[in-house]
Amino acid sequence: MKVLGIDIGGSAIKGAPVDITTGRLLAGRFKIETPLLLTPLEMADAAAMIAAHFRWKGPIGIGFPGVIHGGRILTSANLDKKFIGCDGIKLFAKATGLPVALTNDAAAAGLAEMKFGAGKDFGGKALMLTLGTGVGSVLFFRGSLFPCELGHLQMDGRDAEKRVAASVKQRKDLSWKQWGSRLNCYLETLEDILWPELIIIGGGISAKHDKFFKFLKPRAKLVPAEFLNEAGIVGAALWADKERHR
Ligand code: BGC
């Protein structure tokens, strides 16, 4: 089965058709940079442009960087605040004219990793973090997923994502060691509460894991994500399929 996966991020929206039986992209992804904050309607139009680019007529799965309850968007830490309270499913379904399923972006990325990537065949307690503009988080246990908001845990008096997101490393020009040490403190806190057996680190920066994993000393097994930038797209498509069979 084929689903168009769309990943909405802090600086771009991107999508591609996904074969959900293999987790493979069926075409090169189409990306629209969003250097300025888009309003919900503009973002929905961008999603429609992605669907039009692939002449898509089937189901769409979308990952959004905020809390999603049902189809409703409840938070928008790094995007336009006008998303808060929106019926996200209606918004994107209206713009694309196609059936839409919506989930949190990190939950989507985690789904892809657990099914086809770094967490494949792992049935224990896994924590996936995505380090990008913000910090996304999701827990898995015996194949069930639990989207979290661990990026908003307080660390040194601020949201942890303002200390350890990949965007912070870049903005503050932190060395790998400086940033890695911050991340290690954050992981220590998370481990004391959650005691995961496996921690998967995702986000584009996970491609450079050899530069910072040496500063991380968790109890759990630590692995980089395998999908890198495609996890959100693949996972959003998987989510749409999951919702169809609910
Ligand atoms: C949002 C999360 C999201 C994460 C990564 C956070 O600011 O609150 O919902 O998963 O950023 O995009």
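Residues numbered from 1 in each chain as written. Predicted model: local features only at pLDDT ≥ 70, side-chain atom pairs only at ≥ 80, totals over all residues. Heavy atoms only, no water.

A. Main features of the overall build of the protein chain. From N to C terminus, the protein chain includes eight helices and 15 strands. Against the compact-globule benchmark of 18 Å for 246 residues, the protein chain has a radius of gyration of 17 Å, which places it among compact chains. Principal-axis analysis of the C-alpha atoms gives the protein chain an extent of 45 × 40 × 30 Å. Each of the 246 residues in the protein chain was classed as buried or not, and the buried ones make up 56%. Relative to all contacts within the protein chain whose residues are 6 or more apart in sequence, the contacts with residues 24 or more apart total 62%. Summed over all atoms, the accessible surface of the protein chain reaches about 11500 Å², with 54% contributed by carbon and sulfur. In the protein chain, 33 positive and 24 negative side-chain charges are present, and the distance between their average locations comes to 2 Å. (Helix = DSSP H or I, 4+ residues; strand = E, 2+ residues; numbered from the N terminus. Rg over C-alpha atoms; globule rule 2.2 N^0.38 Å. Buried < 20%, exposed > 50% of the residue type's maximum accessible area, 1.4 Å probe, protein only. Contact = heavy atoms within 4.5 Å. Areas by Shrake-Rupley, 256 points an atom, 1.4 Å probe, with all protein chains shown as cover. Lys, Arg positive; Asp, Glu negative; His and termini not counted. Charge placed at Lys NZ, Arg CZ, Asp CG, Glu CD.)

B. Region of the structure containing the site of the ligand. Taken together, the neighbourhood of the ligand is formed by Pro65, Gly66, Ala77, Asn78, Asn104, Asp105, Ala106, Val135, Gly136, Glu149, His152 and Glu161. Here an oxygen atom of the ligand sits 3.1 Å away from a polar atom, N or O, in the main chain of Gly66. Contact with the protein chains hides 95% of the accessible area of the ligand, taken as 310 Å² for the molecule alone. Judged by the proximity of its atoms to the pocket grid, the ligand belongs to the largest pocket. (Near = heavy atom within 4 Å. Polar contact = N/O pair within 3.5 Å; in protein donor to acceptor, adjacent residues only side chain to side chain. 1 Å grid on protein atoms, 1.4 Å probe; cavity = no way out; pocket = protein on both sides within 12 Å on 5 of 7 lines; lining within 4 Å. Sits in = over half its atoms within 2 Å of the grid points.)

C. Local environment of the layout of surface pockets. Roughly 1000 Å³ of volume is contained in the largest pocket. Counting only elements with at least two residues in the lining of the largest pocket, the list comes to strand 1 (2-8), strand 2 (12-19), strand 4 (30-33), helix 3 (105-116), strand 9 (126-131), strand 10 (135-141), helix 5 (166-171) and helix 8 (231-244). Taken together, the residues of the lining of the largest pocket sort by class into 16 nonpolar, 21 polar and eleven charged. In this structure, the lining of the largest pocket is formed jointly by two domains, domain 1 (2-107 + 230-244) and domain 2 (122-225), each of which donates at least three residues. Taken as a whole, the second largest pocket encloses approximately 310 Å³ of empty space. (Points joined across faces, edges and corners; volume = space filled by probe spheres on them. Nonpolar A, V, L, I, M, F, W, Y, C, P; charged D, E, K, R; others polar. Domains from an automatic or database assignment.)

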